[in-house]
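Here are the chains, one letter per residue:
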Amino acid sequence: MNNSTDVKTDRRFSLILLFALTLFTSASLMFVIQPMFGKILLPLLGGSPAVWNTCMVFYQTILFLGYFYAHVLSTRFSQHQQILIHIVVIVVSFLALPLGLPDNAVPPTEGNPAFWLFWILLLAIGLPFFVVSTTGPLIQKWFASVGHHTSHDPYFLYVASNIGSLLALLSYPFLLEPNIGLASQKTLWSVGYGALCVLITVCAFVLWKSQQNVLISEAASEDKQELSVATRLHWLVLAFVPSSLLLGLTNFISTDIASVPLLWIIPLTLYLLSFVIVFSKWNDKIHPLMVQLQPIVLLPFIAYSFINPAVLPYWVDLGLHLLAFFLAIMVCHGELVKNRPSTQHLTTFYLIMSFAGMLGGMFNSFVAPFIFNAVYEYPLMIVAALLLRPGVRAAFADGKQALLQAAFPLLLIVVGTVVFFSIDDWSAYFDTLGVALILLVGLTYSFRNKPITLALLSGALIAFTMALHGLMSNTLYQERTFFGVLAVREATIMDEQGHPEKVHELFHGTTKHGAQRLSAENSRTPLTYYSVPGPMGQLFKAYDGVSQNWNVGVVGLGAGALTCYAKEGQTWTQYEIDPLVVAIASDPKYFTYISQCGKNTTMRVGDARLSLDKEPDAKFDLLVLDAFSSDSVPTHLLTQEALAMYFKKLKPNGLLAFHITNRHLEIKRVLADHAKNLHFDGLLQEFKPKQEMPLVVDTDWVVMAKDSAALEPLRVSGLGSWQKLPLSFDLKPWTDDFTNIVSIWR
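Residues numbered from 1 in each chain as written. Predicted model: local features only at pLDDT ≥ 70, side-chain atom pairs only at ≥ 80, totals over all residues. Heavy atoms only, no water.

Enquirer: Run through empty space enclosed by the protein, naming residues and quoting values.
Expert: Under the counting rule described, the total for this entry stands at seven cavities of 30 Å³ or more. By volume, the largest cavity is sized at about 430 Å³. What lines the largest cavity is a set of 29 residues, among which M30, F31, L63, Y67 and Y158 lie closest to the centre. Those elements that place two or more of their residues in the lining of the largest cavity are α2 (13-45), α3 (49-76), α5 (114-143), α6 (157-179), α8 (229-256), α9 (261-278) and α12 (346-371). Looking at the lining of the largest cavity, the element that brings in the most residues is α2, giving six residues. Split by residue class, the lining of the largest cavity holds 19 nonpolar, 10 polar and no charged. (1 Å grid on protein atoms, 1.4 Å probe; cavity = no way out; pocket = protein on both sides within 12 Å on 5 of 7 lines; lining within 4 Å. Points joined across faces, edges and corners; volume = space filled by probe spheres on them. Helix = DSSP H or I, 4+ residues; strand = E, 2+ residues; numbered from the N terminus. Nonpolar A, V, L, I, M, F, W, Y, C, P; charged D, E, K, R; others polar.)

Enquirer: Quick one: what's the story with the environment of P128, residue by residue and with numbers?
Expert: In this structure, P128 sits in helix α5. On the basis of relative accessible area, P128 is assigned to the buried category, the value being 0%. Between the C-alpha atom of P128 and that of V92, which follows or precedes it by 36 residues, the distance is 9.1 Å. For P128, the contacting residues outside a window of four places in its chain are S93, A96, L99, W189 and Y193. (Buried < 20%, exposed > 50% of the residue type's maximum accessible area, 1.4 Å probe, protein only. Contact = heavy atoms within 4.5 Å.)

Enquirer: Can you lay out the pattern of salt bridges for me, pointing to particular residues and giving the numbers?
Expert: Scanning the entire structure with this criterion turns up 15 salt bridges. Of the charged contacts, one joins K567 and D544 as a salt bridge, the two residues approaching to 2.7 Å between their closest N and O atoms. You can see K567 sitting in the loop between β5 (551-555) and β6 (571-576) and its partner D544 sitting in the loop between α18 (535-542) and β5, a full 23 residues away along the chain. Owing to a relative accessible area of 22%, K567 belongs among the partly exposed residues under this scheme. (Salt bridge = Lys/Arg side-chain N within 4 Å of Asp/Glu carboxyl O.)

Enquirer: Describe the environment of Y193, and please don't skip the residues or the numbers.
Expert: Assignment of secondary structure puts Y193 in helix α7 (residues 182-209). Between the alpha carbons of Y193 and F94 there is a distance of 9.3 Å; along the sequence they are 99 residues apart. With residues up to four places along the chain from it excluded, the contact list for Y193 reads L29, I90, S93, F94, L97, P128, V131 and V132.

Enquirer: Quick rundown of the nonpolar core? Include the residues and the values.
Expert: With 130 residues, the main nonpolar core has F19, F37, W142 and F279 as its most contacted residues. Setting aside chain neighbours within four positions, we find F19 in contact with I139, W142, F143, V146, L157, C203 and V206. One finds L486, L557, Y565 and V582 within the second-largest nonpolar core, a separate group that totals 46 residues. (Core = buried A, V, L, I, M, F, W, Y, C linked by side-chain atoms within 4.5 Å.)

Enquirer: Tell me what's going on with the sheet that holds strand β4 (residues 511-517), and back it up with residues and numbers.
Expert: Strand order across the open sheet formed by four strands is β1-β2-β3-β4, with antiparallel pairing between neighbours. The open sheet is flanked by β1 (475-481) and β4, the only strands paired with a single partner. The sheet shows a mean angle of 25 degrees between the axes of neighbouring strands, direction not considered. In this sheet, β4 lies alongside strand β3 (residues 500-508) in antiparallel orientation, the contact comprising six bridges. Within β4, the residue paired with L506 across the bridge is G514. (Pairing = 2+ DSSP bridges. Axes fitted to C-alpha atoms, helices over the stretch in contact; angles between N-to-C directions.)

The structure is reproduced here in structure tokens:
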């Protein structure tokens, strides 16, 4: 590098501290802004996990552009030129401060809003986030040129960067978000950004003084070692698969638990932790252990999470997903670091890493929803991670070895496919099937040292079980949108006389969102969570004498069952965020609730909190909150501010009915706390049918009113077991923070 002797032997710890602090600050800012803006954007687009995943794609894209900029800057310009150019970019980025959404940021109500969201993020935080994203590779490259005795291997600084990322992610939900309002958060972030710019300037000053003003270009390096295409592709796939797995796991968690930044942070925390470990000095010892543990955890994970997820408690299933994910990315990232280049190719290495991360995010957010009608990319990447275990490159280099490893699983796949399509009724073979699958899991583990065989057998196991589930579910229609996977399935029940009867069921993700009996005498009867014996049937019966002219609003359409409680003189407005739900519920081929009962119903497509805010105050006599994304209630609809807004839209004696059925969260505790703080009265019923009735299920509802007198007809009706809403669970009031989700975990 043409360094002078005194620069080469520089051993000052202050230099390491300066550059590490700069990277730490940069990473902290990057990973505070992500959940912060996720929280800002959530009310605009509801509780879909696709909101966070699209944000992740934006961050990965800007990160790639920042790395590309750092690569070009450090390989095409002298260090003095680099400093001058970067200072100009930093100055320009201050035009985007203070942070905030553009005026009139209203999402489209039709079509996929992902590109709109991308554009809004670009306008709001694009410039400062770009500067932050350039810091990692650029500062490490500058450190490689200041002549410190550790400059030959600056990758250890990446640990400081990822520690900053981890601390920022973990401090946001537990320290920043509960104690600091959004406006103050944005101000503090801007102050931190200013501090980062000062640190970058000091690093630039150190580089300037080092007198290393040489042209750093690929042509100028005489001892240049060219990177092979195979090496670059290996780096690419090793970074692509963990990125895709990250979003796949995020989709799983936020679909079935709750769409809140706190839970989205869990997979990202594990993702960053893997980088901290693999770039540390302990990776050489830890990596072989991860390789050994991966199949030990993976096969029970496949057995329970894909074959029969109901066998174990949900928290165990979630733990298996998290552990399998962590081991998979540890193996991939460990292999990535093992194959890292010298500082000569440092920016190229990081550029390919960031490009692969962006591709992984784009694949999950933009490609997979168009080519798959369910979330198949997640299990696909589990198999891909197995194909990246040590030994795969050697096997493929020796074509014969690769063929031998692939031969047995391919033969098994062919035989299994023939058997699968030759059996009409699989229910008769459940016991045999269970034994066969257990044997297959054991057989797969025996090939743990043959990565191609292990991957193909695991893929066959997952594909077979998913295909079997699809076949047994009798799916009539399935489609995937920005807001999740919707499916209409046909099932057979036994009616009151013991005769079989066909029903149609609507599923969002893994959760049933409504059902309808198809016989003419039963097709107008609301079922599942809205059944006549249940809380909603009781409510409409209790107010039957005074509800002839009610104005009713319903948030969340489902199959449209509630519309069959509508009376001739009433006016109903249905709010639904997903246009496909409206299309399915309105199609008589699948459901006829709306076509039979919804003559006085108006549809409003878009996020309910935004749509309701535009309605006149004191409009509704009854407002029903029934919004779910799979099994999770979008938490921006549960805040104290949201509740206050709902009551603004209700008449003085109006009623608010809240559907709170959930496998994992005790939402009654949140509503009880709101009722206490806002001085509202409320009744709770945790309904369980007294006798088995077709498609009448357990369900929990809360009905609230400003004046307790408005609840008196329901209280004295003798219908159901209505209880006064509990007053206190020692919760901090849910304003716009979601941290208390931990406190209401079942």
